[in-house]
Amino acid sequence: MVESDGLPKDTAFAPPSQTVVKMIDGIVTCDEDGVSFMDIPSASQFANDYKTLVGICNNQLTTSFCQRRTSVLLTSFEIHQCMNGVEEKRTTGDFYSCAKVDNHIHMAAGMSSKELLGFIYDKVRSHGDDIVEFKDGRTQTLDEVYRSLGVDINSLTVDDLDVMADSDNLFHRFDRFNEKYNPLGSPALRECFLKTDNFMAGRYFAQLVNHVLDRVEADEVYYTELRLSIYGRANDEWDRLAKWAATNDVTRWCNKWLIQVPRIYHVFKKRQMLENFGQLIDNIFRPLWEVSIDPRSNWALHQLLAQVVGFDSVDNEKLTDLPFSDRSPSPSNWNTDKNPPYVYWLFYMYANIKTLNTYRAQKGLNTFSLRPHCGESGAVEHLAAAFLTADGINHGINLRKSPTLQYLYYLSQIPVSASPLSNNALFLPLSKNPFATFFKSGLNITLSTDDPLQFHLTQEALVEEYSVASKLWKFSTTDLVEIARNSVLMSGFSFQVKSKHLGPLYILSSSNGNQRYRSRLSDTRVAYRYETLVEEHTMLEKLTDSPVPHVFSTKAEEEVVIRRYALHGYLSPAFARNASETQQTTQAPVTRGNQSKPAGMSRVSFMRSPGLPPNVGLSSTYSSGTQLQRVAVGSPMSAVAAKTVRISVQYCDCQRLVLDRSNVPVGLTEDADKKWDTLKTAIEKYCREELGVSNFRILSQERKHLTAWAPCIALDRAVICETRDFSPDSD
């Protein structure tokens, strides 16, 4: 049902009777009927945990141990290729037909230089009388702006645009790189063509966006996660961005949006646009709380957020940071014109996203991940902060400087989206890029483009990245397909999209979760990656003589997933029965020496699974540091093991389980239309008797406008990691 103003008339969208949005210690939150959503550590707790982690990374014995382990992983992969390369080649499909996601691409540079040149040429020739700017008390047309540059439109070339980062004077010069965003060296043209908020309300930029998305949409196996900017300098930025997106219809099935927040508080402070850092945080997150509480208050923003999967933090990491400690002032008291340190930015972004996600998840709304630029340059300690707070990172090349962090990122399988061609122009030559080492060692890593406008020559920018990597590091087709599969797993696309290209059991990490005819990847490669990770955890347990919680599932947990998927209709009953009863026979054998051992069980419930959709609670997985296990400095293995324990336990969010009516025992469907207490009792019985889950809590009732779905249940012990899109007409 729809009201005259076009908004849905549904009591599910009515705001609670008593909800007050407020900021507490730099964190925007609310008290809904007396219930607080701030289940996060304090800044001082985080500072202490961060200091402890940095100390572990700087310990010489720990560093030496982790260096040896990463060397073993690299050598193990080379042996695997020698013994199983032929089989992998035989069972790997076509690279061009496998799904690929460009996980790291900025929309302001998301087009090729040739596309931008053609677009500018067409607008100047055909729409020169468009009023594009208000300057010095009068309006200016596009033709007037262009003529002021003194360039002949008929002889304009890509070189004249001067947007390509192809010269040596950009190396380690981030300031000069930013100037490449100005076509023809003109900030006026950048304002006109590459901004969402300008005199033309971003009309030209929206046309460029749709042109790029039309090209992406034409390729059925190519997806993007484009970035748009929110600066936090004003409290109406979200409103203007939402109106721009709704007016120009920039929503496509092949793209999800990430919101990038530039770390340039000091610029706004010097211009007297902000009083303190807390005001910037408030401008970013208060509008999100308000629309989450009452979507009808800003329906355009509500629709935009449904397509947003995460946040990014961007700027030059190489700038010298101020020191960060538990004595750093709160955001409301940070009123100097100095920029807060990187770790400070990351913690308060994490804390606000985490708190917001808690509320949105209970309301059945999508949640957001935190995927900042990290490890591109600057201090290695940035990677330690991201390890505690982020769901994934972009670049990450500085992991080569810290064997301990590299090993921890491997154990946690934290997604890394690397851009070697971008690094080659700015910070690290291709010959020194560690991408191949990271990939062979087993890190959860993929390729992305960053800024096609600056770094690529063709319209197939992502394929260009794969092509260069293939020739430089001699990657096989299996390697390229695995990198592409990683990009899909770590993306924020829905369960339906990932199932289409990887198979419905993609959340499993063994070859049980790999459908080769969809992913195009050999089961042998998937089984090898899984076995290596299992053996690494087993080795840690033996050396420390203590249990190390792992990032993969047990046999019982995988059986539950397969059974639930069969009940959902995703799997044939015969396959489900065979997989549950004889799971090891479904694994692809991996040859090691003179042994042939089947891969074990797959990952289901773990902290940072790249296979999980973004609305399962992956976002912001840092937890209170009060339970941090203190370890003896003299034992490097104790330090690594204790940190690994914390990765898997203390930094783990509850997962969400959605029960479909087709997946409930007889009697539960009948109870669904009765009193809530009766339904609650039936669900509790089902979870205990059928799923074997005893520690759980029921959060809320079903959404009233979708009566086909039963309530959401949060499991304190995550067993099921499968979600369903609440939208009945979802992709």
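Procedures and definitions
- Residues numbered from 1 in each chain as written.
- Predicted model: local features only at pLDDT ≥ 70, side-chain atom pairs only at ≥ 80, totals over all residues.
- Heavy atoms only, no water.
- Helix = DSSP H or I, 4+ residues; strand = E, 2+ residues; numbered from the N terminus.
- Axes fitted to C-alpha atoms, helices over the stretch in contact; angles between N-to-C directions.
- Parallel < 35°, antiparallel > 145°, perpendicular 65-115°, else oblique.
- Left-handed = near helix turned anticlockwise from the far one by under 90°.
- Contact = heavy atoms within 4.5 Å.
- Pairing = 2+ DSSP bridges.
- Buried < 20%, exposed > 50% of the residue type's maximum accessible area, 1.4 Å probe, protein only.
- Core = buried A, V, L, I, M, F, W, Y, C linked by side-chain atoms within 4.5 Å.
- Patch = residues over 30% accessible without salt bridge, like charges linked within 9 Å, V, L, I, M, F, W, Y side chains within 5 Å.
- Areas by Shrake-Rupley, 256 points an atom, 1.4 Å probe, with all protein chains shown as cover.
- Salt bridge = Lys/Arg side-chain N within 4 Å of Asp/Glu carboxyl O.
- Lys, Arg positive; Asp, Glu negative; His and termini not counted.
- Charge placed at Lys NZ, Arg CZ, Asp CG, Glu CD.

A.B. asks: What is the right way to read the environment of Leu116 from this model?
C.D. replies: In this structure, Leu116 sits in helix α3 (residues 113–126). Considering only alpha carbons, one finds Leu116 and Leu208, 92 residues apart in sequence, at a separation of 8.0 Å.

A.B. asks: I'm lost on the packing of helix α2 (residues 60–91) against helix α15 (residues 403–412) in this one. Help?
C.D. replies: A pair of packed helices can be characterised by two numbers: the angle between their axes and the separation between those axes. Look at α2 against α15: their axes get within 8 Å of each other, and the N-to-C directions meet at 55°. The angle between α2 and α15 falls in the class oblique. At the point where α2 passes α15, the crossing takes the left-handed sense. Residue-level inspection shows Thr62, Thr63, Phe65, Cys66, Gln67, Arg69, Thr70 and Leu73 of α2 in contact with α15, the latter providing Pro403, Thr404, Gln406, Tyr407 and Tyr410.

A.B. asks: Sorry, what's going on with the sheet that holds strand β7 (residues 222–229) here?
C.D. replies: Neighbouring strands of a sheet are bound in pairs by backbone hydrogen bonds; such pairs are parallel or else antiparallel. Spatially, β4-β7-β8-β9-β10 is the arrangement adopted by the five strands of the open sheet, whose pairing is parallel. Unpaired on one side and paired on the other, β4 (100–106) and β10 (369–370) mark the two borders of the sheet. Note that strand β9 (residues 308–314) and β10 share two bridges and pair parallel. Its bridge partner lying in β10, Gly310 is registered against Ser369.

A.B. asks: Explanation requested: unusual backbone geometry in the structure shown.
C.D. replies: With the exception of glycine, most residues fall at negative phi, and the peptide bonds are largely trans. The backbone of Asp315 sits at a positive phi, close to 155°, despite the residue not being glycine. Residue position: Asp315 is located in the loop between β9 and α13 (342–362). We classify Asp315 as buried; its relative accessible area is 18%. The phi torsion at Gln413 lies on the positive side, around 55°, for a residue other than glycine. As for its position among the elements, Gln413 is in the loop between α15 and β13 (416–418).

A.B. asks: Sorry if this is basic, but what is going on with the nonpolar core here?
C.D. replies: As a rule of thumb, soluble globular proteins bury nonpolar side chains together. Judged by nonpolar contacts, the single largest core of 172 residues is most densely connected at Trp238, Phe311 and Tyr409. Of all the elements, α13 adds the most residues to this core, at 13 residues. Sequence-distant contacts of Trp238, that is, excluding residues within four places in its chain, are made with Ile230, Ile259, Asn283, Ile284, Pro287, Leu288, Leu301, Leu305 and Phe311.

A.B. asks: What should I look at first to understand a positive patch on the surface in this one?
C.D. replies: A surface patch of like charges, here positive, comprises Lys318, Arg400, Lys401 and Lys432. Assignment of secondary structure puts Arg400 in the loop between β12 (393–395) and α15. For Arg400, a relative accessible area of 35% translates into the label partly exposed.

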